[in-house]
Amino acid sequence: MIRLHHCAQTRSMRVLWMLYELGLDFEIVRHGFDKTLRDPAYLALHPAGRVPALEIDGGVIFESLAALQYLAARHPEAGLEASGMDGLNWLHFAETISQHTAALTQQHIAIYPPGARSSLVCKLEAARLGKTYNALEARLAGRAYALGAFSAADVALGQALYMARHFVKLDAFPLVAAYYKCLSKREAFKRALPEADETRLYVQDYYEAINV
Ligand SMILES: N[C@@H](CCC(=O)N[C@@H](CS)C(=O)NCC(=O)O)C(=O)O
């Protein structure tokens, strides 16, 4: 049995999307995005108490992009592998995007009291996130997908954009905006979105830079 430990609107969504792309049978364990991730039972699956954790083939994969690589290689018939220099670079570039989203999520949502948030860090991280959009914009010139054909790299990058656009809009990056629009129409992407009654990490579509 494949079992995915998941929190809505987090990096575990990448793995959920990929599992749906592959049409596999699996269970989802939905966690709250809170201290329960540090419960000893969960720490036995993920050493830092984060999501995702994917129980599969008698082991656990606890890095989202490793999970995408593993799943794509496990199912070569789906043709989703992102391998070689280009494939690995663009698959893992998702994390270059997401590290800024994580910092911005902390600043705009997680840090309490709100007075402890930093407008300087918000502006810096948003500017650095914009630079990653620039890099992706250049990569997408003449390409519908990061590697030409749809692959695990697009699942990773599309999900990274899904989170990132809460802090830096895609409008100023026409190729990235069109790419995200195309990816977000995929059935597997839509199935990986939060359920109607699920607690969301992002309660706003967009978070303006804060002034403290
Ligand atoms: N590099 C890891 C990052 C995992 C990670 O930090 N996940 C976040 C959600 S996006 C998390 O679980 N945060 C909970 C916490 O920090 O307490 C991956 O890609 O799987």
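The structure under discussion appears in the preceding block.
Note that the structure is predicted; figures quoted are calculated from it, not measured. (Residues numbered from 1 in each chain as written. Predicted model: local features only at pLDDT ≥ 70, side-chain atom pairs only at ≥ 80, totals over all residues. Heavy atoms only, no water.)

### A word on the packing of aromatic side chains
So, point 1. Tallied over the full model, the rule gives 10 aromatic pairs.
So, point 2. With 6.0 Å between their ring centres and 75 degrees between their planes, Tyr162 and Phe189 make a pair best called edge-to-face. Taken as a pair, Tyr162 in helix H6 (residues 152–164) and Phe189 in helix H8 (residues 187–191) lie far apart in primary sequence, 27 residues in all.
So, point 3. Classification of Tyr162 as buried rests on a relative accessible area of 5%. (Phe/Tyr/Trp six-rings, centres within 6.5 Å; stacked < 30°, edge-to-face > 60°. Helix = DSSP H or I, 4+ residues; strand = E, 2+ residues; numbered from the N terminus. Buried < 20%, exposed > 50% of the residue type's maximum accessible area, 1.4 Å probe, protein only.)

### Quick word on helix H1 (residues 12–22)
So, point 1. Summarising burial for H1: 10 of the 11 residues are buried, a large majority.
So, point 2. The complete set of buried residues in H1 reads Ser12, Met13, Arg14, Val15, Leu16, Trp17, Met18, Leu19, Tyr20 and Leu22.
So, point 3. One or two residues past the end of H1 sits Gly23, with phi positive at roughly 65 degrees.

### Digging into the site of the ligand
So, point 1. In the vicinity of the ligand, the contacting residues are Thr10, Arg11, Arg14, Phe33, Arg38, Arg50, Val51, Pro52, Glu63, Ser64 and Glu95.
So, point 2. Arg11 places a polar side-chain atom, nitrogen or oxygen, 3.3 Å from an oxygen atom of the ligand.
So, point 3. Between the ligand and the protein, one listed contact pairs an oxygen atom with a backbone N or O atom of Val51 at 2.8 Å.
So, point 4. According to the grid-proximity analysis, the pocket containing the ligand is the largest pocket.
So, point 5. A class-by-class count of the residues in the shell around the ligand yields 3 nonpolar, 2 polar and 6 charged. (Near = heavy atom within 4 Å. Polar contact = N/O pair within 3.5 Å; in protein donor to acceptor, adjacent residues only side chain to side chain. 1 Å grid on protein atoms, 1.4 Å probe; cavity = no way out; pocket = protein on both sides within 12 Å on 5 of 7 lines; lining within 4 Å. Sits in = over half its atoms within 2 Å of the grid points. Nonpolar A, V, L, I, M, F, W, Y, C, P; charged D, E, K, R; others polar.)

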